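The primary structure of each chain is shown beneath.
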Amino acid sequence: MKIPSSVCVYCGASSRVADIHKQAAHALGDGLGRRGIRLVYGGGRVGLMGIVADAALAAGGEVVGIIPEHIQSAEVEHTGLTELHVVDSMHTRKRMMAEQSDAFVVLPGGLGTLDEAFEILTWRQLQLHDKPILIADVDGYWRPLLALIDHMVAEGFARIDRSRLYRVVDHIDDVFTALEEQPDPAVPIQPRKL
Ligand code: AMP
């Protein structure tokens, strides 16, 4: 795949996390900005979300934030972004984030990150899109989740080819190599069906 022009990052809104996760968020935002890849994210200033956005902007990148009206104050919308879209619901946010991006990176996060990651994974499983999805397993954070997915497959609840559905990278540097190695999407995202 040619390097994507827009990458969506899903990540935690909590700031009370280990430095290694904050450093990963910074490295990802910085790497996107330096490469001229537009960051699409949830639009907040808090936690890893704020760190990734600030790093991308500081590196000269464009950042698009999409935030639902009712959590604007809780997540403190970022006022220095290239574009900030205030939308009516979580669903609209997720649909717009997906439509505006060529690939997805899942950094460590909580329930919100899981919701976003699983929606984009299941949409891909349902062939609603075939944009690359990378799981950044920073410091082994996602290991229990990856083990759960293996368990689902072993127990017959999921019949997925994991290597086709998503790719796991251990370091942020590997995100960019992995994106280049992905095949170009053949199925355009189908907004009406999302
Ligand atoms: P968390 O991983 O819980 O720290 O949340 C990360 C981001 O996911 C935050 O911006 C949350 O607002 C967002 N989020 C939480 N639940 C949802 C949802 N159902 N749909 C879309 N975004 C969500």
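It should be noted that the structure appears before, not after, this text.
Residues numbered from 1 in each chain as written. Predicted model: local features only at pLDDT ≥ 70, side-chain atom pairs only at ≥ 80, totals over all residues. Heavy atoms only, no water.

1. Examining helix H7 (residues 172-181)
Taken residue by residue, H7 has Ile 172, Val 175, Phe 176, Ala 178 and Leu 179 as its buried positions. Down the axis, H7 shows its buried residues gathered within 165° of arc, on one side only. Where H7 is buried, its residues touch strand E1 (6-10), helix H1 (19-34), strand E5 (103-106), strand E6 (133-136) and strand E7 (167-169). (Buried < 20%, exposed > 50% of the residue type's maximum accessible area, 1.4 Å probe, protein only. Helix = DSSP H or I, 4+ residues; strand = E, 2+ residues; numbered from the N terminus. Arc of directions from axis to C-beta. Contact = heavy atoms within 4.5 Å.)

2. Structural notes on the sheet that holds strand E2 (residues 38-41)
Spatially, the seven strands line up as an open sheet ordered E4-E3-E2-E1-E5-E6-E7, and their pairing is parallel. Of all the strands in the sheet, just strand E4 (83-87) and E7 have a single pairing partner and so form its edges. Sheet twist, expressed as the mean angle between neighbouring strand axes with direction ignored, is 25°. Here helix H3 (residues 90-99) sits on the sheet in contact with E1, E2, strand E3 (63-68), E4 and E5, set at roughly 160° to E3. (Pairing = 2+ DSSP bridges. Axes fitted to C-alpha atoms, helices over the stretch in contact; angles between N-to-C directions.)

3. A short note on the site of the ligand
Neighbouring the ligand are 16 residues, the closest being Ala 13, Glu 75, Gly 110, Gly 112 and Thr 113. Contacts to the ligand include Asp 115, whose side-chain N or O atom sits 3.2 Å from a nitrogen atom. Isolated, the ligand exposes 490 Å² of accessible area, and the fraction of that covered by the protein chains is 80%. Examining the composition of the shell around the ligand, we find that five residues originate from one element, helix H4 (residues 111-125), more than from any other. Partitioned by chemical class, the residues of the shell around the ligand number six nonpolar, five polar and five charged. (Near = heavy atom within 4 Å. Polar contact = N/O pair within 3.5 Å; in protein donor to acceptor, adjacent residues only side chain to side chain. Areas by Shrake-Rupley, 256 points an atom, 1.4 Å probe, with all protein chains shown as cover. Nonpolar A, V, L, I, M, F, W, Y, C, P; charged D, E, K, R; others polar.)

4. Some points on the side chain of His 129
Among the secondary structure elements, His 129 is positioned in the loop between H4 and E6. A distance of 3.0 Å separates the side chain of His 129 from the backbone oxygen of Ile 120, its partner in a polar contact. At 3.5 Å, the side chain of His 129 forms a polar contact with the backbone nitrogen of Arg 124.

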